[in-house]
Amino acid sequence: MADEALFLLLHNEMVSGVYKSAEQGEVENGRCITKLENMGFRVGQGLIERFTKDTARFKDELDIMKFICKDFWTTVFKKQIDNLRTNHQGIYVLQDNKFRLLTQMSAGKQYLEHASKYLAFTCGLIRGGLSNLGIKSIVTAEVSSMPASKVLPSLFPSSLIPEIEATQTGLIL
């Protein structure tokens, strides 16, 4: 329980620190979400490396996404994803109805506009984990009502990777 509280506090301080530096002119305000997403990307790479060192190889993308939803998400956020959906063309929707990083905020719509900065690190976690498993992706997030969130990883086949790397700009919220 204490480690969960420490993670929540660290995440909140990380977000506020990045935005405070933007207010002081050190970082351009539009780059704050990208900076948080890049932090999450690196952490996701390290975590997935540690979590998969003793597991068997995955058969396909769906197995990887199931691992992300069950094992990875449970280890990081102490619960499984509530819902995983796919269109079987590389688009997945991971839905968490009580997302831990948003539960500290009001359940009303007054803080809905601030939700994206609290989801950027998580999008980076997923993208970094998928990257270390050999899958190029763009991960977006949306919140329509707090504290529920949807994380939308878009996975790309290896034939599209050079084209995507040339056009990818990072996090899209």
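Residues numbered from 1 in each chain as written. Predicted model: local features only at pLDDT ≥ 70, side-chain atom pairs only at ≥ 80, totals over all residues. Heavy atoms only, no water.

S.K.: Run through the overall build of the protein, naming residues and quoting values.
M.R.: A tally of regular secondary structure across the protein gives five helices and four strands. Along the protein, from the amino end to the carboxyl end, the secondary structure elements read α-α-α-β-β-α-β-β-α. Considering the protein as a whole, with its 173 residues, one finds that 43% of them fall into the buried category. Looking at the protein alone, contacts between residues at least 24 apart form 60% of all its contacts between residues at least 6 apart. When the accessible surface of the protein is split by element, carbon and sulfur atoms take 50% of a total near 9700 Å². (Helix = DSSP H or I, 4+ residues; strand = E, 2+ residues; numbered from the N terminus. Buried < 20%, exposed > 50% of the residue type's maximum accessible area, 1.4 Å probe, protein only. Contact = heavy atoms within 4.5 Å. Areas by Shrake-Rupley, 256 points an atom, 1.4 Å probe, with all protein chains shown as cover.)

S.K.: Break down the pairing of strand E1 (residues 83-86) for me, with residues and values.
M.R.: Looking along a regular strand, one sees side chains alternate from face to face of the sheet. One ladder, built from four bridges, connects E1 with strand E2 (residues 92-96); its direction is antiparallel. The partner of Arg-85 across the bridge, within E2, is Val-93. (Pairing = 2+ DSSP bridges.)

S.K.: Could you give an account of the packing of helix H2 (residues 32-51) against helix H3 (residues 61-77), naming the residues involved and the relevant values?
M.R.: Two numbers describe how H2 lies on H3: the axes approach to 11 Å, and their chain directions differ by 105 degrees. The orientation of H2 relative to H3 falls into the category roughly perpendicular. On H3, the residues that touch Gly-44, Leu-47, Ile-48 and Phe-51 of H2 are Phe-67, Ile-68, Phe-72, Thr-75 and Val-76. The class makeup of the residues in the contact of H2 with H3 is seven nonpolar, two polar and no charged. (Axes fitted to C-alpha atoms, helices over the stretch in contact; angles between N-to-C directions. Parallel < 35°, antiparallel > 145°, perpendicular 65-115°, else oblique. Nonpolar A, V, L, I, M, F, W, Y, C, P; charged D, E, K, R; others polar.)

S.K.: Can you tell me about the layout of surface pockets, naming the residues and giving the values?
M.R.: Approximately 160 Å³ is the volume attributed to the largest pocket. Forming the boundary of the largest pocket are Thr-52, Thr-55, Ala-56, Arg-57, Phe-58, Ile-64 and Leu-133. Residue composition of the lining of the largest pocket, grouped by class: four nonpolar, two polar and one charged. (1 Å grid on protein atoms, 1.4 Å probe; cavity = no way out; pocket = protein on both sides within 12 Å on 5 of 7 lines; lining within 4 Å. Points joined across faces, edges and corners; volume = space filled by probe spheres on them.)

S.K.: Residues and numbers for the packing of H2 against helix H4 (residues 115-132), please.
M.R.: Where H2 meets H4, the closest approach of the two axes is 6 Å, and the angle between their N-to-C directions is 40 degrees. When the interaxial angle is binned, H2 and H4 end up oblique. Crossing hand, H2 versus H4: right-handed. The class makeup of the residues in the contact of H2 with H4 is eleven nonpolar, ten polar and four charged. (Left-handed = near helix turned anticlockwise from the far one by under 90°.)

S.K.: Which residues make up H2, and what values go with them?
M.R.: For H2, spanning 20 residues, the distance from its first C-alpha to its last is 28 Å, which sits close to the expected 28 Å at 1.5 Å a residue. Along H2, the residues classified as buried are Cys-32, Leu-36, Glu-37, Gly-40, Phe-41, Gly-44, Gln-45 and Ile-48. (Expected span 1.5 Å × (residues − 1).)

S.K.: So what's going on with the pattern of salt bridges? Residues and values would help.
M.R.: Scanning the model with the defined rule gives three salt bridges in all. One salt-bridge network, in which partners are shared between bridges, spans Lys-79, Asp-82 and Asp-96. (Salt bridge = Lys/Arg side-chain N within 4 Å of Asp/Glu carboxyl O.)

S.K.: Outline unusual backbone geometry, supporting the account with residue identities and numerical values.
M.R.: A positive phi angle, near 65 degrees, is found at Lys-78, a position not held by glycine. Its place among the elements puts Lys-78 in the loop between H3 and E1.

S.K.: Go over the nonpolar core, please, and point to the residues and values.
M.R.: Among the nonpolar cores identified, the biggest contains 40 residues, and Ile-68, Phe-72, Leu-94, Leu-102, Ile-126 and Leu-130 are the most heavily contacted of them. Only helix H1 (2-23), H2, H3, E2, H4, strand E3 (136-142) and strand E4 (149-156) provide two or more residues apiece to this core. (Core = buried A, V, L, I, M, F, W, Y, C linked by side-chain atoms within 4.5 Å.)

S.K.: Give me the lowdown on the environment of Ile-138, citing residues and values where you can.
M.R.: For Ile-138, the position within the fold is in strand E3. Ile-138 gets classed as buried once you look at its relative accessible area, which sits at 16%. A sequence separation of twelve residues divides Ile-138 from Ile-126, and the C-alpha atoms of the two residues are 9.4 Å apart.

Everything listed here is a matter of geometry and, on its own, says nothing about what the molecule does.
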